[in-house]
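# Residue-level structural notes
Each chain is listed here by its residues.
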Amino acid sequence: MRMHRNCRGGAPSPPKFLIRDHSVHGLEFIGIHSIGPIESSFHCGRTRWSAPTILIALFLLVPPAQAATYYVSTAGAYANSGIQASPWLTIQKAANTAVAGDTVIVKSGTYQERVTFPTGHSGTAGNVVTFKAEPLLTVNMQGFNTTNENYLHIEGFNIAGSPSWWLGGGIWVASNNVDIVGNYFHDLVGPGVLASWVQPWTQNIFVANNKIYHSGAGIWVEGSNWVVENNEVERLYNQTDSPDSDYARFFGSSIIFRGNFFHGSFLSELGASHTDGFQTFDNNGEYAKDILIEGNTVCDMHEGMMLGEDKADSATNITVRNNIFCHSWSWGIAAVNIVNLMVENNVFAGMYNHGVGFESSTGKVFNNIFYNAGSNYWADAASTISSGNNLMNKTSYPYFSVASDIINKDPIFSDVSSSDATLDPAYQGPADVPKNVFHLAAGSPAIDAGATLTDFNTDKENTIRPQGLTWDIGAYEYTGTVPGPAANIYISQAAAGSTDGASCVSARDVSFFNTATNCGSGAGQIGPGTTVPL
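## Here's the deal with the overall build of the protein
The secondary structure content of the protein amounts to two helices and 37 strands. Sorting the 534 residues of the protein into buried and exposed places 51% on the buried side. For the protein, the proportion of contacts with a sequence separation of at least 24, taken over those separated by at least 6, is 56%. Accessible area of the protein: about 23,500 Å², with a carbon and sulfur share of 53%.

Now the structure itself:
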């Protein structure tokens, strides 16, 4: 760089810079750039020019930093550069290096480490830091603690062997804007995914398509704007030093659990645990507001949902719809001090004590099937609920019902038999049912028997409601053919071709005729042996 200066008579010339730059994307830039007044040693007479302007001009010529891709391999070395041909040995080395926009590819193998993140290395909106196993589910390691690392994506790891319960489990979520996708958690003392309870709580967390197997708990949420969908938690296993082995817990606001499959637990492996499909409480000042539980299948538990609050305003606006709750050793849903609990279009099958019970709570119960579900549903004197269009196949317990409920009718499922012993709450093993089960069969009294609701319009499999004349009861719409009302068909004993309407009689219940007739103008001939569809 050469600087030119003119101090001869007249107004001074601004300094000029000849710039030759080969570093910007391989291109060469040459130019003479004049820049404004400076305040530096570069001056003539009394006129000064501002040095920051020079710096701004030079800064504009510096290319933006480009995102890097780093590699980790069991054949790598800590002193390597981290490029594909020179990978690092540890995932932690990559975590200590990666910054916003960078991707870390971890190659197959076993890494005896639990990864943490230093300060100052977070991603940003649109420039997340990504950790990804390659190929997916071929990297064995001990999990992540996301403290300090916002805008983070973790995908495709086998996570096991985490040493402790608190701050343990598979992934400890203590930052914001984190995606946890497609990982396999197994044989953990604690949950697969566990959020920090320290305020401020986490925000904007996405947990999807993970499997958690034979671990102390499933997915525990604390924060706002969490989406937990299409995960599977199977065969919880309670260890002596751990609290209750729940499939899921939630605390916070604007939380969605959608399309998850919780199942496969043996009562004999749960020890002293009271295992719930979903649990929330306010013992330590927690709250749960604006929660959506939708399209999940939850089986093999003490209670499908344990919603127990000490204060009446701690849990509000909880919607439970299009779910399957099956094989409970106690209740389907226990609600205590819940405000506006909406229980709509669910199936409760094989409940030992109760389907849904309200204590000092408010809410609605519509379009649910209670199948071998104890007392089905009820509310105590301190609760206020509205209900209707529920189907109950048994009412041996004292039960609650309204005029539009269907009582003592078999719902007639196409894929579950009433004799299925695994749905007996007394059975201590898992129900062993698939995720999408309890579809309606042709002839089910639940078809076209539901109330039309306005807050949603799809079923568990995203089929539009209604498929028939009106909504079906239960988690699924029946998609087969439903016979319509019989048409008025008329026959006559008059001669063929007669158009004498007075001689015609209703044949709604008649299938066979022995005399050809043409009853009414334009009607077709009905001959001997003809069957008339009704």
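Now that the structure has been shown, we can carry on.
## Structural notes on the state of the cysteines
Throughout this description, disulfide means a covalent bond between two cysteine sulfur atoms. Applying the stated criterion across every chain yields a total of one disulfide. The disulfide partner of Cys299 is Cys326, and the S-S distance across this bridge is 1.9 Å. Between Cys299 and Cys326, the S-S torsion sits near 105 degrees, and that sign places the bridge as right-handed. Within this pair, whereas Cys299 is found in strand β24 (residues 297-308), its partner Cys326 is found in strand β26 (residues 324-336), the two being separated by 27 residues in sequence.

## Observations regarding the pairing of strand β30 (residues 362-366)
Here strand β27 (residues 338-344) runs beside β30; their pairing, made up of four bridges, is parallel. Residue pairing for β30: Leu341 is matched across the bridge by Gly363.

## Observations regarding the side chain of Asp300
Looking at the secondary structure, you find Asp300 in strand β24. Buried and unpaired, Asp300 has no salt bridge, with Arg235 as the nearest side chain of opposite charge at 10 Å. Side chain to side chain, Asp300 and His327 meet in a polar contact 2.8 Å long. Within the structure, Asp300 has its side chain in polar contact with the backbone nitrogen of Ala431 (distance 2.7 Å).

Cut-offs applied
- Residues numbered from 1 in each chain as written.
- Predicted model: local features only at pLDDT ≥ 70, side-chain atom pairs only at ≥ 80, totals over all residues.
- Heavy atoms only, no water.
- Helix = DSSP H or I, 4+ residues; strand = E, 2+ residues; numbered from the N terminus.
- Buried < 20%, exposed > 50% of the residue type's maximum accessible area, 1.4 Å probe, protein only.
- Contact = heavy atoms within 4.5 Å.
- Areas by Shrake-Rupley, 256 points an atom, 1.4 Å probe, with all protein chains shown as cover.
- Disulfide = S-S within 2.5 Å.
- Pairing = 2+ DSSP bridges.
- Lys, Arg positive; Asp, Glu negative; His and termini not counted.
- Salt bridge = Lys/Arg side-chain N within 4 Å of Asp/Glu carboxyl O.
- Polar contact = N/O pair within 3.5 Å; in protein donor to acceptor, adjacent residues only side chain to side chain.

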